[in-house]
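Residue strings, one per chain:
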Amino acid sequence: MPSSTSVPVADPPRVLTVALIGNPNTGKSTLFNALTGGKARVGNFPGVTVEKKLGKFQEDGQPVLLVDLPGTYSLAARSADEMVSVEVLLGRQADIGRPDAVVCILDASNLERNLYLFSQIRDLGLPVLLVLNMWDLAEQAGIKIDLPALRERLGTEIVTTSAHRREGVEAVRAAILKTAKQAVVAPIRLFPPAFYEEVQQLGSWLEGEGIKDSPEFLRERALLDVHGEAEHRGALRLGEKFQTVLGEARTRLAAAGCKVPLVETKVRYDWIRRQLQDVVHRSQSVQQETTSDRIDRWLTHWFTGLLFFAVLMFVIFQAIYTWAEPLMTFVEAVQGQISGLVQEVVPPGTLQSLLVDGIIAGVGSVLVFLPQIVLLFTFISIMEDCGYMARAAFLMDKLMTKVGLSGKSFLPLMSSFACAIPGVMATRVIENRRDRMVTILVAPLMSCSARLPVYVLMVAAFIPKTNWTGGVIELQGLVLFFMQSLGALIAIPVAWILKKTYFKGETPPFVMELPAYKWPSLRMVFDRIYDRAKAFVVRAGSLIFVVSVLIWAAGYFPEDHTGQHQLQGKIAQIESSLPEGTTSSELDELQEQERAISAALIRQSYLGQMGQAVEPVFRLLGWDWRIGVGAIASFPAREVIIATMGTIFSLGGDVEAKDAQLQSTLQAATWPDGTPLFTIPVALSIMVFFALCAQCAATLLVIRRETNSWWWPVFTFTYMTTFAYLGALLTYQIGTAIMNG
Amino acid sequence: MSHSPTLADLKTVGDSATILEVNGEDGIAVRLMEMGLTDGEEISVIGFAPLGDPIEFAIRGYRISLRSSEAQRVRVAPNPRS
């Protein structure tokens, strides 16, 4: 069904819908950003994990809606995710109209393979604009393309761009307008007539079954893609007879000399070869060794390649683990400054507490992750843009297949050792849905940097300073190392089981393009970082914020805080009257009282009541209600455990893991009967719990975003919390038995 | 079982061959063909990952990585070493 004809309209022009599609590594998102000025509405297509990215621009007073489709090599959809592009192009995606034109972006250095997708798009009967991107790189590589001849042969408008330098973007806008207003082009019939007869026959058969509107393109796909998504959907609707009809048609086709699926690639690549004959000239033969190949000699070499990889991973890890630290401290300092300001302006009371402990702390808990996200994506974007990312996957693939994943899962998982949030976001490089899901689900098990304070506190306070072999092996270090590795060790069987059960299926091909190395483009790197940071702050951030405020409320209400606020007022008064940095006995006394009151208040809060109600559950782990409340309050963000412990054990919330006073207070803490609360098994069970538990609302919400489903964060939360509880239980029970034994 | 050589039998960097056919019609076979591994095409070995798997090949002017299990699906006629 043709959409628009070239009748001129006088009214305010209708918005033109234009789809942007292309192979991976063609610079599609760079072009998208260049065309739309980087302003995009991002969401998910319903029911799938595919990102829906819409952008707008105006050209000549004509508004255009640009739909970014996922990078793909082919329209032969084998899953619901891959089918999304086909549905958008056919105008069957509910909230997007049928496109008026398709922009197909190609890598100018690699026309032959890139035109395969174009030849499929031509079958849709939509006007197509070809964009030959990375034109500058093709020229540098000595590739000459006779554009007028290619235009003539392909029967389509062609524009050349170097989108990473914003070259040729204006011409693309103008050409989009011209293309969209074109009359629809008839598909080129590449296949033998027998094929089109079968497509026709299938249409008649479907009509007989009551399906009158089946698009020709889908019928072609159903015939061509054995066990593909088009076949699958038809079978869902019509049952097995659909597959029988397809099977018979395919048998007839094979007899007529067009055996599916072989025929499609054969026919299309032969056609491409003919189109490119004498149109593309290369200064060197395609099989000749290039500079990129020579770099690969080193970077994929078993020794130099692995060494480079190890060093690079170490640097990235250091960056998100250590270099991010000052930036995170800075975010926290700014948060402290603002809190201080609010405390000066707003008198102590519920409002002040809501602002400082609820809202500002909530916003802070979102922003504090930004340095790690930005740093990781700086590395990832550079690695992707220069072509190294594919080599990293190439090097690590064999190792990762041992747990049923592929080399592409390595970097997201390694990043998760610093922070699972950027790690989960980095799984987008994994095309295969099942691999990507499993990677997302085990990523939060990796020991992130927020777990470290808990280990530091517990190890320093309760693990004896024993060492062997002259101080080389040290018990405290050993425990720390074990805790850091525990999650990853558990992740191995979890990934394996997930791949064998819910996510089982044929091993996805690891057929991966290794793009030629090039210098990364700063703009491209910046765009990507900005994209990810924004996605995190805007869409995960708002929910993290809500969760933080809710936990604040649970710890604050229902008790009367008047007494505490009066005390806080007095303290503030005395503090301001004393010279900076000094103290008085009266002040100390009041602060002591204030801490005792806040400890009592948290005990009586909803949170405290909950902790006491479920104390029996924690008893089995060797914990009392205070540790339980600390663990519960840490569900939004595990790092608050230190502050919560500080408050509950009457030290105030302003403590740090290495704080000697906090350590000695915990060492002195007892059960009501006077026996010590914290023993080595208790300390170990706390650490095991924190190592395995999904105490991070931000990660869970990023999982929700990336999987487009609430079910997966719920699943992650459930399995991790279960493991955490069982792990802590075993640790405590066995530990106690050994200690007593 | 045919014992004709496959892509996985090319053991040295620089080895080249002409593709005869891709076995099977599952997702992997289709993907290989879509990426341009069709009969009559020239393909050559660029390098191997540390444990000999996956393998980097040159085809149709670009570079592609295949696991050796995937390379075994591609029947080839090896070209004489030059």
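Given the structure is predicted, the values throughout are model-derived calculations rather than measurements.

Even after reading the chapter, I still don't get the overall build of chain A, so can you show me in this structure?
For chain A, the helix and strand inventory stands at 32 helices and 12 strands. Its C-alpha atoms give chain A principal-axis dimensions of roughly 95 × 65 × 55 Å. With 741 residues in all, chain A has 54% of them scored as buried. Residue pairs in contact within chain A that sit at least 24 positions apart in sequence constitute 75% of those at least 6 positions apart. Side-chain charges in chain A split into 65 positive and 69 negative, and the spacing between the mean points of these groups amounts to 7 Å.

In this structure, what is going on with the nonpolar core? I would like to understand it.
What tends to happen in soluble globular proteins is that the nonpolar side chains get buried as a cluster. Residues and elements named next belong to chain A. Formed by 115 residues in total, the largest nonpolar core has its most connected members in Tyr388, Met458 and Phe678. Beyond its immediate chain neighbours, meaning those up to four positions away, tyrosine 388 contacts Leu299, Gly305, Phe308, Phe309, Leu312, Met383, Leu395 and Tyr517. Ala77, Leu106, Leu126 and Ile143 belong to the second largest nonpolar core, which has 71 residues in total.

In this structure, what is going on with helix H31 (residues 697-707) of chain A? I would like to understand it.
What sets the pattern is the α-helix's 3.6 residues per turn: residues three or four places apart point alike. Residue and element names in this part refer to chain A. The buried count for H31 comes to 10 of 11 residues, which makes it a mostly enclosed element. Among the residues of H31, those classed as buried are Ala697, Ala698, Thr699, Leu700, Leu701, Val702, Ile703, Arg705, Glu706 and Thr707. In the stretch just after H31, asparagine 708 is the one whose phi turns positive, near 55 degrees.

Looking at this structure, I do not really get the sheet that holds strand E8 (residues 157-160) of chain A. What am I missing?
Hydrogen bonds between backbone atoms are what pair the strands of a sheet, whose relative direction is either parallel or antiparallel. Residues and elements named next belong to chain A. With respect to topology, seven strands assemble into an open sheet ordered E2-E3-E4-E1-E5-E6-E8, the strand pairing being mixed. The open sheet has two edge strands with one neighbour each: strand E2 (40-44) and E8. Adjacent strand axes in the sheet meet at a mean angle of 25 degrees, parallel and antiparallel pairs treated alike. Sheet topology places strand E3 (residues 51-59) next to strand E4 (residues 62-68); seven bridges connect them, and they run antiparallel. Bridge assignment links phenylalanine 57 to a residue of E4, and that residue is valine 64.

What is the right way to look at the side chain of B:Thr38 in this model?
Position of B:Thr38 among the secondary structure elements: in the loop between helix H1 (27-34) and strand E2 (42-48). Residues contacting B:Thr38, with those up to four places away along its chain left out, are A:Thr265, A:Tyr269, B:Ile19, B:Met33 and B:Arg60.

How should the pattern of salt bridges be read in this particular structure?
Once the charged atoms of two side chains with opposite charge are near each other, the side chains can pair. Residue and element names in this part refer to chain A. Counting across every chain of the model gives 41 salt bridges over all chains. A salt bridge links aspartate 100 to arginine 14; its shortest N-O distance comes to 2.7 Å. Here the residue aspartate 100 occupies a position in the loop between helix H2 (80-89) and strand E5 (101-107), and arginine 14 occupies one in the segment before strand E1 (16-22), the gap between them amounting to 86 residues. Residue classification places arginine 14 among the partly exposed residues on the basis of a relative accessible area of 47%. A salt bridge links glutamate 231 to arginine 250; its shortest N-O distance comes to 2.9 Å. One end of the pair, glutamate 231, is in helix H9 (residues 229-238); the other, arginine 250, is in helix H10 (residues 240-255), with 19 residues separating them in the sequence. Each of the two residues, glutamate 231 as well as arginine 250, counts as buried. Because the salt bridges share partners, they merge into one network encompassing Asp123, Arg221, Asp225, Glu264 and Arg268.

What am I meant to see in a nonpolar patch on the surface here?
Judged by side-chain polarity, A:Trp302, A:Phe303, A:Leu307 and A:Val311 come together as a nonpolar surface patch covering roughly 450 Å² of accessible area. Secondary-structure assignment places A:Phe303 in the loop between helix H12 (291-299) and helix H13 (304-345).

Looking at this model, I keep getting lost on the packing of helix H1 (residues 28-36) of chain A against helix H6 (residues 169-180) of chain A. Mind explaining?
Packed helix pairs are characterised by how far apart their axes lie and by the angle those axes make with each other. Residues and elements named next belong to chain A. Between H1 and H6, whose axes approach to 10 Å, the crossing angle comes to 80 degrees. Relative to H6, H1 is oriented roughly perpendicular. On the side of H1, the interface is formed by Leu31, Ala34 and Leu35, while H6 contributes Val169, Val172, Arg173 and Ile176. Residues of the contact of H1 with H6, tallied by class, amount to six nonpolar, no polar and one charged.

Cut-offs and rules
Residues numbered from 1 in each chain as written. Chains lettered and ligands numbered in written order. Predicted model: local features only at pLDDT ≥ 70, side-chain atom pairs only at ≥ 80, totals over all residues. Heavy atoms only, no water. Helix = DSSP H or I, 4+ residues; strand = E, 2+ residues; numbered from the N terminus. Buried < 20%, exposed > 50% of the residue type's maximum accessible area, 1.4 Å probe, protein only. Contact = heavy atoms within 4.5 Å. Lys, Arg positive; Asp, Glu negative; His and termini not counted. Charge placed at Lys NZ, Arg CZ, Asp CG, Glu CD. Core = buried A, V, L, I, M, F, W, Y, C linked by side-chain atoms within 4.5 Å. Pairing = 2+ DSSP bridges. Axes fitted to C-alpha atoms, helices over the stretch in contact; angles between N-to-C directions. Salt bridge = Lys/Arg side-chain N within 4 Å of Asp/Glu carboxyl O. Patch = residues over 30% accessible without salt bridge, like charges linked within 9 Å, V, L, I, M, F, W, Y side chains within 5 Å. Areas by Shrake-Rupley, 256 points an atom, 1.4 Å probe, with all protein chains shown as cover. Parallel < 35°, antiparallel > 145°, perpendicular 65-115°, else oblique. Nonpolar A, V, L, I, M, F, W, Y, C, P; charged D, E, K, R; others polar.

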